[in-house]
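Take a look at the letters that make up each chain.
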Amino acid sequence: MNNIIFLSIINWIHLLATVSWIGGMITNILILTSSAGETLEPPVMGKLMGAVMKRYRTLVYACILLLVVTGDLISRINPGYEGFFQLTNP
Ligand code: HEM
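Summary of the structure given here. For every chain, the first residue of its written sequence is number 1, and the numbers climb from 1 along that sequence. Totals for whole chains, interfaces and linings use all residues, but because this is a predicted model, local features are given only for residues with pLDDT of at least 70 and pairs of side-chain atoms are given and counted only at 80 or more.

**Quick word on the overall build of the protein chain**
- Secondary structure elements follow DSSP: runs of H or I no shorter than four residues count as helices, runs of E no shorter than two count as strands, and numbering proceeds from the N terminus. Looking only at helices and strands, one finds 2 helices and 0 strands in the protein chain.
- The size measure is the radius of gyration over C-alpha atoms, and the globule rule it meets is 2.2 Å times the number of residues to the 0.38 power. Here the C-alpha atoms of the protein chain give a radius of gyration of 19 Å, more than 25% beyond the 12 Å that 2.2 N^0.38 yields for 90 residues.
- Over its C-alpha atoms, taken along the principal directions, the protein chain stretches across nearly 55 × 30 × 20 Å.
- Pairs at least 24 apart in sequence give 69% of the contacts found in the protein chain among residues at least 6 apart. Two residues form a contact once the distance between their C-beta atoms, set from the backbone, is within 7 Å.

**As for the environment of Ala62**
- By secondary structure assignment, the location of Ala62 is in helix α2 (residues 42-77).
- In this structure Ala62 comes out as partly exposed when scored by C-beta crowding, with 13 C-beta atoms within 10 Å.
- Between the alpha carbons of Ala62 and Ala17 there is a distance of 8.2 Å; along the sequence they are 45 residues apart. In this scheme every C-beta is placed from the backbone, and a residue whose C-beta has 20 or more other C-beta atoms within 10 Å is buried, one with 12 or fewer is exposed, and one in between is partly exposed.

**Digging into the site of the ligand**
- Lining the immediate surroundings of the ligand are His14, Leu15, Thr18, Trp21, Leu67, Val68, Gly71, Asp72, Ile74 and Ser75.
- Mapped onto the shell around the ligand, the elements with two or more residues apiece are α1 (2-39) and α2.
- Per-element tally for the shell around the ligand: the top contributor is α2, with 6 residues.
- For this scheme, ten residues count as nonpolar: Ala, Val, Leu, Ile, Met, Phe, Trp, Tyr, Cys and Pro. Four count as charged, namely Asp, Glu, Lys and Arg, and the remainder, Gly too, count as polar. Its residues placed into classes, the shell around the ligand shows 5 nonpolar, 4 polar and 1 charged. Any residue qualifies as near a molecule or strand once its backbone-derived C-beta atom lies within 6 Å of it.

**Concerning the packing of α1 against α2**
- Each axis is a line fitted through C-alpha atoms, and for a helix only the stretch in contact is used; angles between axes span 0 to 180 degrees, taken between their N-to-C directions. Put simply, α1 and α2 touch, their axes get as near as 9 Å, and they point 160° apart. Regarding the angle of α1 to α2, the classification is roughly antiparallel. In this structure, the crossing between α1 and α2 has a hand that is left-handed.
- In terms of residue class, the contact of α1 with α2 is made up of 20 nonpolar, 10 polar and no charged. Orientation is classified from the angle alone, with under 35 degrees giving roughly parallel, over 145 giving roughly antiparallel, 65 to 115 giving roughly perpendicular, and any other angle giving oblique. Handedness of a crossing follows from how the near helix is turned relative to the far one, being left-handed for an anticlockwise turn of less than a right angle and right-handed for a clockwise one.

**Quick look at the environment of Arg55**
- As for its placement among the helices and strands, Arg55 is situated in helix α2.
- Separated by 24 residues in sequence, Arg55 and Pro79 have C-alpha atoms that sit 39 Å apart.

**Brief notes about unusual backbone geometry**
- The backbone of Phe85 shows a phi angle near 55°, a positive value even though the residue is not glycine.
- Position of Phe85 relative to the elements: it lies in the segment after α2.
- For Phe85, a count of 7 C-beta atoms within 10 Å puts it in the exposed group.

Functional significance is not addressed by these values, which are geometric in nature.
Written as structure tokens, this is what we have:
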């Protein structure tokens, strides 16, 4: 039972990191860039996008780290796990 709770939490973190990274990218491309382009002068837009991307980059690095750590933990819990990126289990 404890294993199920632990697996649920790390799986949730794994998925949260995925949607934060990919969802952030989609929001930036489809919503933020076009809205800023429509409402701001180019120099101001450049400044805004620079500030946004600086923070977004930090988020992406944190998400990648979380994905690798939680992904490794999810794998280790599986009885069929044979090692990091070992695809030998039929
Ligand atoms: C070292 C890196 C990673 C490892 C070891 C890893 C490992 C895993 C494992 C073991 C699962 C569970 C699979 C299952 O139960 O069928 C999983 C699910 C998932 N992973 Fe990763 N992962 C890694 C990186 C990533 C990255 C970079 C992304 C996305 C950008 C990602 C997105 C997902 C998603 C969306 C699921 C859920 C899939 C589903 O439930 O069908 N993972 N991962």
